[in-house]
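Residues per chain are reported as follows:
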Amino acid sequence: MKNPVMPTPSRPRGEGWARAAFALTAVGWGANQFAPLVLLYRERMGVSASAAEAIFGLYAAGLVPGLLVAGPLSDRIGRRPVVVFAVALSMVSGVVLMLGSHGLAWLSAGRVLMGIASGAAFSAGSAWVKELSLTEAESKTGSRVAAGAGARRASIAMTAGFGLGPLIAGLSAQWGPAAFETPYVPQLVLAAIALWLLSQTPETVTRRQSDVLGGGLLRLRGFSDRRFVGVILPMAPWVFGAATIAMVYVPGLAAGHVKGIALAFAGTAAATTALAGVLIQPYARKVSAAADGKDTARPRLLVLGLTLVTVGSLAEAGVAALDRLGAWQAVLTLAVAVVMGFGYGVLMVFGLGEVQRLAPAEDLAGMTAVFQAFTYLGFAAPYLLSSLKGVASPSALLLGITALGAVTAGVTLRNARATAQDS
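Given the structure is predicted, the values throughout are model-derived calculations rather than measurements. (Residues numbered from 1 in each chain as written. Predicted model: local features only at pLDDT ≥ 70, side-chain atom pairs only at ≥ 80, totals over all residues. Heavy atoms only, no water.)

Turning our eyes to something else, we now look at the overall build of the protein chain. Helix and strand content of the protein chain: 18 helices and 0 strands. Counting every position in the protein chain, which comprises 423 residues, the buried fraction comes to 57%. Look at the contacts in the protein chain between residues 6 or more apart in sequence, and 86% of them connect residues 24 or more apart. Of the roughly 16,000 Å² that the protein chain leaves accessible, carbon and sulfur atoms contribute 67%. (Helix = DSSP H or I, 4+ residues; strand = E, 2+ residues; numbered from the N terminus. Buried < 20%, exposed > 50% of the residue type's maximum accessible area, 1.4 Å probe, protein only. Contact = heavy atoms within 4.5 Å. Areas by Shrake-Rupley, 256 points an atom, 1.4 Å probe, with all protein chains shown as cover.)

Written out as structure tokens, the structure is:
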């Protein structure tokens, strides 16, 4: 019989969670700094929109296996070695992406490496932040309040990186020297600082040497839980599906109207989306706290998040149809990005909170990994929309996204009611 993963003796963690959260920010910065640079490679290297967005989406090809392996692995060998590996690999990715002007192969390799780094950091790191957020008393009682604080802190840390990374990268590419290299430098500095901070961050998992190579490392956690399968996973792709449509696809439609500042505009659109996701999260936490686990049949955050995403997609369809507005189309793109960012932030808080509520302690990182793997399927959305440009207009495609959002809301709410008694 396997020994369960046990936390190390608990003590007040001080700022330990903040050190782990900083690593999430550094990796999140690297994960999303590529968003405005999609336009750079399109404009200065002649890369097609679909090819550039496919490279953007290649991130998920590395991220999904990184999530599924690193999360369970960190349950066995500890959080620190996995997160340290992830931060170091994000630096390697940044160096490879600096060579992107020499060919698409460098860009593709760099995005896959960044995906692996992000998968490892986000699965193990989210669990680490949650564990470090617990006091000794909360560790013994399994306080829902403490678990919620950990989920919120992890989500805000990642989203801060997602927002600031593209903003700084876009500004650097627009007005800085060496547009193909300079945008990647800030993340390298942040990652180096994160490595130093991690060396001082307490471990929360006791390493079980006999379990490291044991069976079940690749076992997908959570699929025996009806609520996880019927509510969380169908909702999950909308987290980053909504975000990346607002960050990459719609700004690309409007970029022609702001040619002099297209890269800065793209970075601003990505930052607006991500930072809106950060700003909404305190409110989302209050909504969740007010429910106090009593709205499992009709989760308020799920309803709110999918409503925002559906309304935002409808608004984006309208913006895409208003090409005659010129620069005003770009302004409206930023306004709608706020709505989509709100939806993204609410759904992220809901998903992480539900996972941490449902997951057994020994499967926390594993179930977090599965949830996040499904969220990152949404990174394919910009590529899929661009590849379908010969089939329908952008506004029609976005109306299709709106319809899918409405269907998802109906299905997940039905399943939430059906599984309410299980929770």
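Enumeration over the complete set of coordinates arrives at 4 salt bridges. With a shortest N-O distance of 3.0 Å, arginine 357 and glutamate 354 are connected by a salt bridge. Placement of the pair is arginine 357 and glutamate 354 together in helix 15 (residues 327-358), with a separation of 3 residues, close to one helical turn. Residue classification places glutamate 354 among the buried positions, given a relative accessible area of 9%. One network of salt bridges, in which partners are shared, links Asp75, Arg79 and Glu131. (Salt bridge = Lys/Arg side-chain N within 4 Å of Asp/Glu carboxyl O.)

Okay, the confidence of the model for the protein chain next. Overall, the predicted model of the protein chain reaches an average pLDDT of 83, with 86% of residues at or above 70. Low pLDDT (under 50) marks residues 1-13, which in the prediction has 32 contacts with non-local residues, meaning those over four places away or in another chain. (pLDDT = per-residue confidence, 0-100.)

Looking now at the environment of aspartate 75. Structurally, aspartate 75 is set in helix 4 (residues 59-77). Expressed as a C-alpha distance, the spacing of aspartate 75 and alanine 361, which sit 286 residues apart in the sequence, is 9.3 Å.

Another point: the packing of aromatic side chains. Within this structure, the stated rule accounts for 12 aromatic pairs. Ring geometry for phenylalanine 162 versus phenylalanine 240: centroids 5.5 Å apart, planes at 85°, classification edge-to-face. With phenylalanine 162 in helix 8 (residues 144-175) and phenylalanine 240 in helix 11 (residues 237-254), this pair connects stretches of sequence that are 78 residues apart. For the pair shown, phenylalanine 162 and phenylalanine 240 are each scored as buried. (Phe/Tyr/Trp six-rings, centres within 6.5 Å; stacked < 30°, edge-to-face > 60°.)

Note that serine 118 resides in helix 6 (residues 104-132). At 2.8 Å, the side chain of serine 118 and the backbone oxygen of methionine 114 are in polar contact. Those residues in contact with serine 118, other than ones at most four positions away along the chain, are Val27, Ala31, Tyr59 and Leu63. (Polar contact = N/O pair within 3.5 Å; in protein donor to acceptor, adjacent residues only side chain to side chain.)

This part takes up the packing of helix 11 against helix 18 (residues 394-419). Look at helix 11 against helix 18: their axes get within 13 Å of each other, and the N-to-C directions meet at 170°. Comparing their axes, helix 18 and helix 11 come out roughly antiparallel. By crossing handedness, the relation of helix 11 to helix 18 is classed as left-handed. Contacts between helix 11 and helix 18 pair Trp238, Ile245, Tyr249, Val250 and Leu253 from the former with Pro394, Leu397, Leu398, Ile401, Leu404, Gly405 and Thr408 from the latter. (Axes fitted to C-alpha atoms, helices over the stretch in contact; angles between N-to-C directions. Parallel < 35°, antiparallel > 145°, perpendicular 65-115°, else oblique. Left-handed = near helix turned anticlockwise from the far one by under 90°.)

With a phi angle near 50°, alanine 178 is a residue other than glycine that sits in the positive phi range. Residue class for alanine 178 comes out partly exposed when judged on its relative accessible area of 43%.

Turning our eyes to something else, we now look at helix 2 (residues 37-45). By the burial criterion, the buried members of helix 2 are Leu37, Val38, Leu39, Leu40 and Tyr41. Following helix 2 by one or two positions, glycine 46 adopts a phi angle in the positive range, close to 70°.

Okay, the side chain of serine 133 next. Mapped onto the fold, serine 133 is located in the loop between helix 6 and helix 7 (136-141). Judged by its relative accessible area of 11%, serine 133 falls in the buried class. Polar side-chain contacts of serine 133 include one of 2.7 Å to the backbone oxygen of valine 129.

Looking at the element boundaries, asparagine 415 is found in helix 18. With a relative accessible area of 17%, asparagine 415 lands in the buried category. Distance in space between the C-alpha atoms of asparagine 415 and valine 229 is 9.2 Å, their sequence separation being 186 residues. Not counting chain neighbours up to four residues away, the residues in contact with asparagine 415 comprise Gly230 and Val231. From its side chain, asparagine 415 meets the backbone oxygen of glycine 230 in a polar contact 2.8 Å long.

Our next topic: a nonpolar patch on the surface. A surface patch of nonpolar side chains, amounting to about 370 Å² of accessible area, comprises Ile168, Leu171, Trp175 and Ile261. When its relative accessible area of 58% is taken as the criterion, tryptophan 175 is described as exposed. (Patch = residues over 30% accessible without salt bridge, like charges linked within 9 Å, V, L, I, M, F, W, Y side chains within 5 Å.)

A word on the packing of helix 4 against helix 6. The geometry of helix 4 relative to helix 6 is characterised by a closest axis approach of 6 Å and an angle of 30° between their N-to-C directions. Taken as a pair, helix 4 and helix 6 cross one another with a handedness that is right-handed. Across from Tyr59, Gly62, Leu63, Gly66, Leu67, Ala70, Gly71 and Ser74 in helix 4, the residues of helix 6 making contact are Arg111, Val112, Met114, Gly115, Ile116, Ser118, Gly119, Ala120, Phe122, Ser123 and Ala124. Its residues assigned to classes, the contact of helix 4 with helix 6 comprises 10 nonpolar, 8 polar and 1 charged. (Nonpolar A, V, L, I, M, F, W, Y, C, P; charged D, E, K, R; others polar.)

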